[in-house]
Every structure is written in structure tokens, then in C-alpha cells.
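Structural overview
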Amino acid sequence: MGMLCAARLDPLIRTFLLLTVPPFLPVGCAPDPGPVEEVAYVIPGELVENAEYAGRRQRLMDEVPDGIAIIPGATSHLAGDQFFQSNDFFYFTGVEAPDAWLVVDGVNRRSTLFLTLDEHDARGEGIPPELATDPVAYTGIEEARPVEDLQSFLQTHAQDIGVFYLSHQPEELPGMNTSEVFRAFQRTITDDPLDGRLTRELQLAGRLQALFPGVEIKDCFRTIQIMRKVKSPAEVDLVREAARIGVEAHLDFMRSTQVGMPERALAALFEFVSRRE
């Protein structure tokens, strides 16, 4: 039942990403002793139409006419926490699946989605099964392949095209700012003499250079950020709805505040009202 509730709450979660509200646990998902009906999944077109995602990919192609843009999705949580897609990946795909990749080809004017999940995994994770069974029709992306094909796919494009674009800044997840994440990572990990690890994005750039030594690696972070600054009518509607939900949550928050009330209780109330709305 918990997975079904998570599937139902996905649209609200994605709305809150626009206002960088931190992630929280689902509520109202108590076990139901009666028969359980399968919840209808929300398809991308119900929030932002697939044509809009396609338009964004087309604009990115215009910015990378001599190469391909490689956009990794967020990885699965090792601790089993609720998954949230990275903002850049979601901006171009509307896909919430973990461990996915998107390659946008500016030379041949087509995109390819790489996925790890099958129908069984999708249902278990509260992901629309159509994404696994017919990803091209579900997303509108021209081609979909298993992630195991990614390296050979890149090998072919390294030979035929030779220019790879990728963001060199850390991915944004709920409540994150990429510049702040980069500075914190640099200070606590990269600059630590007993650690020294680079961000996932810089490791990827180095790995691609090692695998395909003749390829030119270019940074497309600024290009994507500029694209995301201009909001479409659908995005404006989502921001307005998120603002409305936030107002309702704050009003209940203020009405319920009492002297001596612990902060965690008010935080729980805010999260409950946000999900209820």
C-alpha cells in the first residue's frame, strides 16, 4: 500500500521541487484491510506535456550542434530512502526512474534514454510500468535502450562525432543548490588530504576522457541553467500551485503554534498539510 501512495504523491513531490522544499516521508498510507485497487499512475502529460519536454531537448540540440549532451539521472539510494530525480534530468525527460541516462544528439537531432528497470521493478518502486514496457511511447523520446548499451553507444559516437557535453557541476536534488553543494563537497571531501574524491560529474568527465581519449569534453552547465531560467506557462502554473499549497501549510502551521510546542511537531504538521493538499 505504501508504494501505491508514493505513486499517487509523485505529482505533488515534483511540484515542490520547483520551490526546493526538502523531501519528506509519505503520510496517510496506513494498511487497508480491505481489497486494494491499483492506483492509476500519473503520466508526464498530465503535468507537463511530452511535447514541452521534447521542445526542451530540441533547444538543447541547438546549443550542442557539434556533439552530444550526456545527462545522468540520480542514482538509487543505498539506504532505501525515497527516490527523487535530479532537476536537470527531469527537466529534459519528465522521468522519475533511478539510474537512468539521457543522451541528446545535436548532430543527428535525436535523443536516447537509457533505463535500468523492467516492469516488475517499476511496479515495485511505484513507477508507471509503461515506462519499462514502452518507454518511447510513454516519454516521447526517440529511442530507449537498456543502460548496459550505454558504453558501446558512446563508443560509436566518440568515433563518429567526437564532442561530449556534460555538466561539470553537481546535480541538484530537492532542497539543493548546485553551487552550494559544490563548495561543500570541495571543502569537506575534495580538499581533505585523506580523501580527495571529486564530484560524480568531474569523475564522469575524467572517466569519459580515459575511455575515449580522442573525445573533446565540454561543459554545458551554464547552457542548461540559462534554459531553466525561462519558465513556460505550464511551469508557472506548477509554481503557483506549489505556492498555494505552501500558503495552506503555513496557515495551519501558525494556527497550531503554541508555547512549548516542539519544532519537530510543527514540521510534521507542515509536511502533513503539504501532502494532504
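Located above this text is the structure these notes cover.
Note that the structure is a prediction, hence the values are computed from the model and not measured. (Residues numbered from 1 in each chain as written. Predicted model: local features only at pLDDT ≥ 70, side-chain atom pairs only at ≥ 80, totals over all residues. Heavy atoms only, no water.)

Concerning empty space enclosed by the protein
Taken as a whole and judged by the stated rule, the model has three cavities of 30 Å³ or more. As for the second largest cavity, its lining consists of 19 residues, and the residues nearest its centre are Pro72, Asp88, Ser167, Gln169 and Glu171. Looking at the lining of the second largest cavity, the elements that each hand over two or more residues are β1 (68–72), α3 (87–93), α9 (200–211) and α10 (221–229). (1 Å grid on protein atoms, 1.4 Å probe; cavity = no way out; pocket = protein on both sides within 12 Å on 5 of 7 lines; lining within 4 Å. Points joined across faces, edges and corners; volume = space filled by probe spheres on them. Helix = DSSP H or I, 4+ residues; strand = E, 2+ residues; numbered from the N terminus.)

Focus on helix α2 (residues 50–63)
Count 3.6 residues to each turn of an α-helix, and residues three or four apart come out pointing the same way. With 14 residues, α2 extends 20 Å from end C-alpha to end C-alpha; this agrees with the ideal 20 Å at 1.5 Å per step. By the burial criterion, the buried members of α2 are Tyr53, Arg56, Arg57, Leu60 and Met61. Seen from one end, α2 has its buried residues packed into an arc of 145°, which puts them on one side. (Expected span 1.5 Å × (residues − 1). Buried < 20%, exposed > 50% of the residue type's maximum accessible area, 1.4 Å probe, protein only. Arc of directions from axis to C-beta.)

Section: the pattern of salt bridges
Within the structure shown, the criterion is met by 14 salt bridges. For glutamate 52, the salt bridge identified is with arginine 56, shortest N-O distance 2.7 Å. Here glutamate 52 and its partner arginine 56 are both found in helix α2, four residues apart, which amounts to about one turn of the helix. The class for arginine 56 is buried, based on a relative accessible area of 3%. Because the salt bridges share partners, they merge into one network encompassing Glu52, Arg56 and Glu235. (Salt bridge = Lys/Arg side-chain N within 4 Å of Asp/Glu carboxyl O.)

Structural notes on a nonpolar patch on the surface
A cluster of nonpolar side chains, Val247, Leu251 and Met254, forms an exposed patch at the surface whose accessible area comes to about 270 Å². Considering the arrangement of structural elements, one finds leucine 251 in helix α11 (residues 233–256). (Patch = residues over 30% accessible without salt bridge, like charges linked within 9 Å, V, L, I, M, F, W, Y side chains within 5 Å. Areas by Shrake-Rupley, 256 points an atom, 1.4 Å probe, with all protein chains shown as cover.)

A closer look at the packing of aromatic side chains
Using the criterion set out here, one finds four aromatic pairs in the structure. With 6.2 Å between their ring centres and 90° between their planes, tyrosine 53 and phenylalanine 90 make a pair best called edge-to-face. Placement of the pair is tyrosine 53 in helix α2 and phenylalanine 90 in helix α3, with a sequence separation of 37 residues. In this pair, the class of tyrosine 53 matches that of phenylalanine 90, namely buried. The interplanar angle of 70° and the centroid separation of 5.1 Å between the aromatic rings of phenylalanine 114 and phenylalanine 153 together place this pair among those described as edge-to-face. Here phenylalanine 153 lies in helix α7 (residues 150–160) and phenylalanine 114 lies in strand β3 (residues 110–115), a separation of 39 residues in the sequence. For the pair phenylalanine 114 and phenylalanine 153, one class covers both residues: buried. Directly above the aromatic system of tyrosine 91 lies the positively charged group of arginine 56, at a separation of 4.2 Å from the ring centroid. When the ring centre of tryptophan 101 is taken as reference, the NZ or CZ atom of arginine 200 above it lies at 5.7 Å. (Phe/Tyr/Trp six-rings, centres within 6.5 Å; stacked < 30°, edge-to-face > 60°. Lys NZ or Arg CZ within 6 Å of the ring centre and 35° of its normal.)

Considering the sheet that holds β1
Pairing between the strands of a sheet comes from backbone hydrogen bonds, and it takes one of two forms, parallel or antiparallel. The strand order across the open sheet formed by six strands is β4-β3-β2-β1-β5-β6, and the pairing between neighbours is mixed. Only two strands of the sheet have a single neighbouring strand rather than two, namely β4 (143–146) and β6 (216–219). Shown here is a sheet whose adjacent strand axes are inclined to one another by a mean of 25°, direction ignored. Where strand β2 (residues 101–105) lies against β3, five bridges are found, and the strand directions are antiparallel. Across the sheet, the residue bridging to aspartate 105 is arginine 110, located in β3. In the packing of α2 onto the sheet, contacts are made with β1, β2, β3 and β5 (163–166), and the angle to β2 comes to roughly 55°. Running at roughly 20° to β2, α7 makes contact with β1, β2, β3, β4 and β5 of the sheet. (Pairing = 2+ DSSP bridges. Axes fitted to C-alpha atoms, helices over the stretch in contact; angles between N-to-C directions. Contact = heavy atoms within 4.5 Å.)

Remarks on the environment of alanine 265
The topology assignment puts alanine 265 in helix α12 (residues 263–276). Its relative accessible area of 28% is what places alanine 265 among the partly exposed residues.

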